[in-house]
Amino acid sequence: MKLQDLPTTICFLLSLLAVLPHIIANLDSDKHALLQFVASVPHLRNFKWNSALSICNSWIGITCNKDGTRVVAIHLPGVGLSGHIPTNSIGKLDALQVLSLRANNLNGNLPSDILSIPSLYSIYLQHNNFSGDIPVSFSSTLGVVDLSFNSFTGEIPPTIKNLNRLSVLNLKFNSLSGAIPNLDTSRLSFLNLSYNMLNGSIPYPLKKFPLSSFVGNYNLCGTPLSSCSSALSHKGANFKKVRNEIIIAIAIGGPSVIFLLVLFIYLCYFNKKVNDNTSMVEEKNKKLEDFGNGVQDSEKNELTFFKGCSYNFDLEDLLSASADFLGKGSYGTAYRVSLDEVTMIVVKRLKEVRVVKKEFEQHMDIVGRIRKHPNIVPFLACYYSKDEKLLVCEYIPYGSLSSALHGNGRIPLDWDTRLKVSLGAAKGIAHIHSEGGVKFTHGNIKSSNILLTRDLDGCISDFGLSPLMNYTSIKNKAAGYRAPEVIETRKGTQKSDVYSFGVLVLELLTGKSPLPLPGHEDVVNLPRWVRAVVKEEWTAEVFDADLMKYHNIQEEMVHMLQVALLCVTKAPDMRPSMDEVIKMIEQIKHL
């Protein structure tokens, strides 16, 4: 180190020493606040919040910032929390941005120091039993507020109209009364105030929201409900009619009418409670029946995480979370699972697994060694029991290439995008080949296993699973992508992956699917059909009509067609490696 740099270095070290105790103190303060919360609130599940362990890496449901200096999110949905939240616990986490305690049994008043946390952006407290007034002090950073399905009373605080970042406000199914404040709608995209006891006229800026945002408030009027003048006259007429009927009924029926009226109200209430309880049971069972029936009680926490997974959840989280059916593939059924409002994953219920648990775990250990790559969808965890095999991976929200090309909501993909997707997929496959060794393959390359990222790049999913599966079921569901030698020998190689990739490129070029699709009967053997068309020198007839409207790209498409035909050569030794394919595509991209 040069002498002239010494003063600068000393200043840096002194400033670091000055800041370090403050950072430690802040994180330590967060830890004490969370320990106070968990000690005061009864809970069914063990959070494993051990003060001796790292709060940022080991505490379930806790997320820290990138520097690991502050707690920024709490995700504890449906974990059996009950009772009151004490003041000066969660409210002391002054760097908290997201709080999710939905679907628990919390009750009592909501502490005022929570909604006023200065950094808070999203709060999800729906499906609890909070009561009393909603606190009037709000953080100016709030963007998402969901307090629905509670027992809040009183008025909607007028101070809520000062939240100029508010995008979601959900207060439905409470017992709120009074008028609706004139909310700031500059960013408000979702509003639901239904099934409360609100009254008066709906403020003019809120008239853009649908009827479902306000129904169930019988003293509320104005667009999109009935106009206030007609509501008042109708209410007056109804009141006079009901009043007269009551007087006549009392005069004639006396005590009998009153008894029947009380009995009717009781039966309605009892029937509602039974229906509500039945609905709750049915909803819970619906979540569990999807992929939880084969999970054995003795193994419910034996979820094996892959190296590098930063998620904190266990099998009970998966079984209790809401799950949406995504579809069936060669390896089984996929579900999108919401761990909370901001964290989604995919759980695949594997079928036709032909190996025992030890062999499954050994192979998944090999799969887990594949380093992360931007063009590969990473596996997060897996589970194996006698009756159930699950695989957990990241959720890619933009769908598959197959859906984009052939689905009902198909996306028009221009040439540059198709070239980018094919290059991304090629890089992902090449990474799998190089990381796994010469015998390691993907084994099931097809357009439904190429997922599209936010930037419309190709991302490979479901790699390395074919050795675990029953070959017959896979063969029937992906025959159009199979190399000839795989159909004969039932053994895949890296060169058979190259063949499948070649079929994928032909699919991108022609817009035709090599597999049967609902409502389509024009399934073709793509390599055979393309060779026949090219042989007759009708090359332009090969390409997707959506591509032909773009100018000055035919030369690139012809070059790409040559790459694809080279990949689907019948002799495996004549096919290029995936690294060679990448070089050829990059050359085309630079044309």
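The rules behind these values
- Residues numbered from 1 in each chain as written.
- Predicted model: local features only at pLDDT ≥ 70, side-chain atom pairs only at ≥ 80, totals over all residues.
- Heavy atoms only, no water.
- Axes fitted to C-alpha atoms, helices over the stretch in contact; angles between N-to-C directions.
- Helix = DSSP H or I, 4+ residues; strand = E, 2+ residues; numbered from the N terminus.
- Parallel < 35°, antiparallel > 145°, perpendicular 65-115°, else oblique.
- Contact = heavy atoms within 4.5 Å.
- Nonpolar A, V, L, I, M, F, W, Y, C, P; charged D, E, K, R; others polar.
- 1 Å grid on protein atoms, 1.4 Å probe; cavity = no way out; pocket = protein on both sides within 12 Å on 5 of 7 lines; lining within 4 Å.
- Points joined across faces, edges and corners; volume = space filled by probe spheres on them.
- Core = buried A, V, L, I, M, F, W, Y, C linked by side-chain atoms within 4.5 Å.
- Buried < 20%, exposed > 50% of the residue type's maximum accessible area, 1.4 Å probe, protein only.
- Phe/Tyr/Trp six-rings, centres within 6.5 Å; stacked < 30°, edge-to-face > 60°.
- Left-handed = near helix turned anticlockwise from the far one by under 90°.
- Salt bridge = Lys/Arg side-chain N within 4 Å of Asp/Glu carboxyl O.
- Polar contact = N/O pair within 3.5 Å; in protein donor to acceptor, adjacent residues only side chain to side chain.
- Pairing = 2+ DSSP bridges.
- Disulfide = S-S within 2.5 Å.

### A word on the packing of helix H9 (residues 415–436) against helix H12 (residues 494–510)
(1) Moving on: Orientation of H9 relative to H12, taken along the N-to-C sense of each, is 170 degrees, at an axis distance of 11 Å. Classified by the angle between their axes, H9 and H12 sit roughly antiparallel to one another. Residues Trp415, Arg418, Ser422, Ala425, Ala426, Ile429 and His433 of H9 form the contact with H12, whose participating residues are Gln494, Asp497, Phe501, Leu504, Leu508 and Leu509.
(2) Moving on: Among the residues forming the contact of H9 with H12, the class breakdown is eight nonpolar, three polar and two charged.

### Regarding the layout of surface pockets
(1) Moving on: Looking at the second largest pocket, its volume works out to about 1200 Å³.
(2) Moving on: Around the second largest pocket, the lining comprises 43 residues; the ones closest to its centre are Leu326, Gly327, Lys328, Ser400 and Ser448.
(3) Moving on: When contributions to the lining of the second largest pocket are tallied by element, the ones reaching two or more residues are strand E16 (322–329), strand E17 (332–338), strand E18 (344–350), strand E20 (389–394), helix H8 (401–406) and helix H10 (471–477).
(4) Moving on: Here the lining of the second largest pocket gets four residues from one element, more than from any other, and that element is E16.
(5) Moving on: Its residues assigned to classes, the lining of the second largest pocket shows 14 nonpolar, 20 polar and nine charged.

### Quick look at the nonpolar core
(1) Moving on: Within the largest apolar cluster, 75 residues are counted, with the highest numbers of intra-cluster contacts made by Phe360, Met364 and Phe501.
(2) Moving on: With sequence-adjacent residues up to four places away left out, Phe360 is seen in contact with Leu350, Val353, Val355, Cys382, Tyr383, Tyr384 and Leu468.
(3) Moving on: One finds Leu96, Ile114, Leu206 and Leu225 within the second-largest nonpolar core, a separate group that totals 58 residues.

### Side note on the packing of aromatic side chains
(1) Moving on: Going through the model one piece at a time under the given rule, you end up with eight aromatic pairs.
(2) Moving on: Considering the side-chain rings of Phe173 and Tyr195, the 4.7 Å spacing of their centres and the 15 degrees angle between planes classify their relative orientation as stacked. Here Phe173, found in the loop between strand E10 (168–170) and strand E11 (177–178), pairs with Tyr195, found in the loop between strand E12 (190–192) and strand E13 (197–201); they are 22 residues apart in sequence, far enough to count as distant.
(3) Moving on: Accessibility expressed as a relative area gives 36% for Phe173, which makes it partly exposed.
(4) Moving on: Tyr195 gets classed as partly exposed once you look at its relative accessible area, which sits at 39%.
(5) Moving on: An angle of 20 degrees between the planes, with centres 5.0 Å apart, marks the rings of Phe379 and Phe463 as stacked. With Phe379 in strand E19 (residues 379–384) and Phe463 in the loop between strand E22 (458–460) and H10, this residue pair connects regions lying 84 residues apart in the sequence. Each member of the pair, Phe379 together with Phe463, is buried.
(6) Moving on: Chaining the aromatic ring pairs together yields one cluster made of Phe149, Phe173 and Tyr195.

### Some remarks on the packing of H12 against helix H13 (residues 526–535)
(1) Moving on: Packing of H12 against H13 leaves a shortest axis separation of 10 Å and a crossing angle of 60 degrees. In terms of orientation, H12 and H13 fall into the oblique class. The interaxial crossing formed by H12 with H13 has left-handed handedness. Facing H12, whose interface residues are Tyr499, Val503, Leu506, Glu507 and Thr510, H13 presents Leu526, Pro527, Trp529 and Val530.
(2) Moving on: Residue classes in the contact of H12 with H13 are distributed as seven nonpolar, one polar and one charged.

### What to know about the pattern of salt bridges
(1) Moving on: If you walk through the whole model with that rule in mind, you get 10 salt bridges.
(2) Moving on: For Arg418, the salt bridge identified is with Asp544, shortest N-O distance 3.1 Å. Taken together, the positions of Arg418 in helix H9 and Asp544 in the loop between helix H14 (539–542) and helix H15 (545–548) put the pair 126 residues apart, joining distant regions of the chain. In this structure, Arg418 and Asp544 share a single accessibility class: buried.
(3) Moving on: Among the ionic pairs, Glu586 bridges to Lys427, the shortest N-O distance being 4.0 Å. Taken together, the positions of Glu586 in helix H17 (residues 578–589) and Lys427 in helix H9 put the pair 159 residues apart, joining distant regions of the chain.

### Structural notes on the side chain of Thr141
(1) Moving on: Examined against the element boundaries, Thr141 turns out to sit in the loop between strand E7 (129–133) and strand E8 (144–146).
(2) Moving on: Given a relative accessible area of 16%, Thr141 falls into the buried group.
(3) Moving on: From its side chain, Thr141 meets the backbone oxygen of Leu120 in a polar contact 2.5 Å long.

### A look at the sheet that holds strand E9 (residues 151–153)
(1) Moving on: On the basis of which strands lie adjacent, the open sheet formed by four strands has the order E3-E5-E7-E9 and parallel pairing. The sheet is open, and its two edges are formed by strand E3 (82–83) and E9, each paired on a single side.
(2) Moving on: Here two bridges tie E3 to strand E5 (residues 105–108), and the two strands are oriented parallel to one another. Of the residues in E5, the one forming a bridge with Gly83 is Leu106.

### Things to note about the pairing of E19
(1) Moving on: Most of E19 is tucked away: six of the six residues are buried.
(2) Moving on: One ladder, built from two bridges, connects strand E15 (residues 304–305) with E19; its direction is antiparallel. Across the sheet, residue Thr304 finds its bridge partner in E19, namely Cys382.
(3) Moving on: When E19 meets E20, the two strands line up antiparallel, connected through five bridges.

### With respect to the state of the cysteines
(1) Moving on: Across all of its chains, the model carries two disulfides by this definition.
(2) Moving on: Between the sulfur atoms of Cys56 and its disulfide partner Cys64 the distance amounts to 2.1 Å. Taking the sign of the S-S torsion, about -85 degrees here, the bridge from Cys56 to Cys64 comes out left-handed. Residues Cys56 and Cys64 agree in their burial class; the two are buried.

### Some remarks on the sheet that holds E20
(1) Moving on: Taken together, six strands build an open sheet; the order of strands is E15-E19-E20-E18-E17-E16 and the sheet is antiparallel. The two strands at the open ends of the sheet, each matched to only one other strand, are E15 and E16.
(2) Moving on: Both E16 and E17 contribute to a ladder of seven bridges, which runs antiparallel. The residue bridging Ala323 from the neighbouring strand is Val337, located in E17.

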